[in-house]
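Architecture and fold: a report
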Amino acid sequence: MLKMNVELVPRIVLMGYVEYKTPWLHFFRNTDEHILYIVKSGELHLRENGVDYVLRRGDSLLLEPGLDHEGTRKSLCDYYYFHFRHPDMVAAPLLDPVEIAKDVLLEASADGVEASHYYFPKHHTIFDKNGFHQTLHAMNELLVLYRRKHYNRGLTALRLSELLIELSRDYLLHMLQHEGGRGSKAVAKVHALLAYIHTHYTEKISSSLIEREFESNYDYLNRIFKDMTGYTITRYVNKIRIQHAQELIRATHMSFGEIGYLTGLNDPYYFSKVFKQFTGLSPGQYYKQVRELE
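Below you will find a few notes about this structure. (Residues numbered from 1 in each chain as written. Predicted model: local features only at pLDDT ≥ 70, side-chain atom pairs only at ≥ 80, totals over all residues. Heavy atoms only, no water.)

1. Notes on the pairing of strand β1 (residues 2-5)
Put simply, the rule reads: Relative accessibility under 20% of the residue-type maximum defines a buried residue, over 50% an exposed one, and the middle range a partly exposed one, all with a 1.4 Å probe and only protein chains included. In this text, helices come from DSSP runs of H or I with a minimum length of four residues, and strands from runs of E with a minimum of two, each type numbered from the N-terminal end. For two strands to count as paired, DSSP must find a minimum of two bridges between them.
Burial along β1 is two-sided: L2 and M4 and K3 and N5, pointing in opposite directions, are all buried. Bridge count between β1 and strand β10 (residues 89-91): three bridges; the pairing is antiparallel. Its bridge partner being in β10, M4 is matched across the sheet by M89. In terms of strand pairing, β1 meets strand β11 (residues 117-120) through four bridges, oriented antiparallel. Each residue of the ladder has a partner; that of M4, found in β11, is Y118.

2. Examining the sheet that holds strand β6 (residues 51-55)
Ordered in space as β3-β8-β5-β6, the four strands form an open sheet in which the pairing is antiparallel. Of all strands in the sheet, those with a lone pairing partner are β3 (29-30) and β6, marking the two edges.

3. Describing the packing of aromatic side chains
Operational definition: Between 30 and 60 degrees the pair is tilted, below 30 it is stacked and above 60 it is edge-to-face, where a pair is any two Phe, Tyr or Trp rings, Trp via its six-membered ring, whose centres lie within 6.5 Å.
In total, this model carries twelve aromatic pairs according to the counting rule given. Ring geometry for F225 against Y236: centres 5.5 Å apart, planes inclined by 75°, an arrangement best described as edge-to-face. Of this pair, F225 sits in helix α6 (residues 218-229) while Y236 is found in helix α7 (residues 233-251), placing the two residues eleven residues apart along the sequence. Of the two residues examined, F225 and Y236, each falls in the buried class. When the ring of F256 is compared with that of Y287, the centres are 6.4 Å apart and the planes differ by 75°; the resulting orientation is edge-to-face. Linking F256 in helix α8 (residues 256-262) with Y287 in helix α10 (residues 283-292), this pair joins segments that are 31 residues apart in sequence. Residue F256 is classed as partly exposed on the basis of its relative accessible area of 31%. Overall, Y287 belongs to the partly exposed group, its relative accessible area being 30%.

4. Describing the environment of R57
What counts is decided by this rule: Whether two residues touch is decided by their heavy atoms; if any such pair falls within 4.5 Å, the residues are in contact. We define a polar contact as two N or O atoms separated by no more than 3.5 Å, with the added condition that, inside protein, one atom must be a possible hydrogen donor and the other a possible acceptor, whereas residues neighbouring each other in sequence contribute only through side-chain atom pairs.
Position of R57 among the secondary structure elements: in the loop between β6 and β7 (59-63). The partly exposed category is assigned to R57, whose relative accessible area is 46%. Residues R57 and T252, spaced 195 residues apart in sequence, show a C-alpha to C-alpha distance of 49 Å. Those residues within four positions of R57 in sequence are excluded, and the remaining contacts are V39, K40, G42, F132 and H133. Engagement of the side chain of R57 in a polar contact is seen with the backbone oxygen of K40, the distance being 3.2 Å.

5. What about the side chain of H26?
Within the secondary structure, H26 is located in the loop between β2 (11-19) and β3. A polar side-chain atom of H26 sits 2.7 Å from a polar atom in the side chain of Y37. Not counting the four nearest positions on each side in its chain, H26 is found in contact with Y37, L46, H69, E70, G71 and Y79.

6. Section: a nonpolar patch on the surface
Filter applied, for reference: Only residues whose relative accessible area exceeds 30% and that form no salt bridge are eligible for patches; like-charged ones are grouped when within 9 Å, while nonpolar side chains (Val, Leu, Ile, Met, Phe, Trp, Tyr) are grouped when within 5 Å. To measure how exposed things are, a 1.4 Å probe is used in the Shrake-Rupley method; for residues, cover is taken only from the protein chains shown. In the sections that follow, a salt bridge refers to a side-chain nitrogen of Lys or Arg positioned within 4 Å of a carboxyl oxygen of Asp or Glu.
The grouping of V9, L155 and L158 at the surface amounts to a nonpolar patch, some 240 Å² of accessible area in total. On the basis of relative accessibility, which here comes to 40%, the residue V9 falls in the partly exposed class.

7. Some remarks on the side chain of Q246
In this structure, Q246 sits in helix α7. Assessed through its relative accessible area of 17%, Q246 is described here as buried. Ignoring anything within four residues of it in the chain, the contact list for Q246 reads F275, T279 and Y286.

On their own, these measurements won't tell you what the molecule is for.
Now the structure itself:
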């Protein structure tokens, strides 16, 4: 596994797509850049630093700078390649991917996990058919952008970062579902519910609404949600609302009534009560505190 600082963007060196019509053997090389391969069809046989890999449809492999890699067998293969340099992407072999997945996807704290970093698999298979088609679409769009006569190098780098993050999330979700000791359906529901909350927390989120959206009993959802995140659904929704409220207090001079409205806590008394539950301060006390630090 590799650790990547997502606040920094990669610098693209080269990217493209190749289709081999006759069996082909990858040549030997040692580069000073990362190389990401994603196979569309066929097989790609590679060895890096003495470790052999056989890549098939849906497989990705991230080669690291400074290591020897070469082909081990001739084969037919269609694949995408992305050569890039990243200022803060390093090997992180000793971390537990299941614990990382809990932190990133379920927001359960894991020791050693940094909020600005994502964790990328050395070798991964995209098993979900729809997920693989979405990845192919994203890579094709990225190549179109890269090949434009006056392409925006910064925008292309951002799109590559997005692709890396999506591959990371696919890997971590797979690890959580299949290695984390929990039912895959329960993990998928909690993951989807977290995404829904982050998108709709400014709106009224009722138990009946959640039951309709997720076609499941609310008590069951609430139970598995608390088991995996440590929060009930209602408390988690309010946690996200208060985090947003804190951001607005720090960055703006809006009234607390406006901030409550923008975060889904329309009643001023309730907004103040919930704010104090999570921060230990009233909105006014928090405002005074952050202004004194400026």
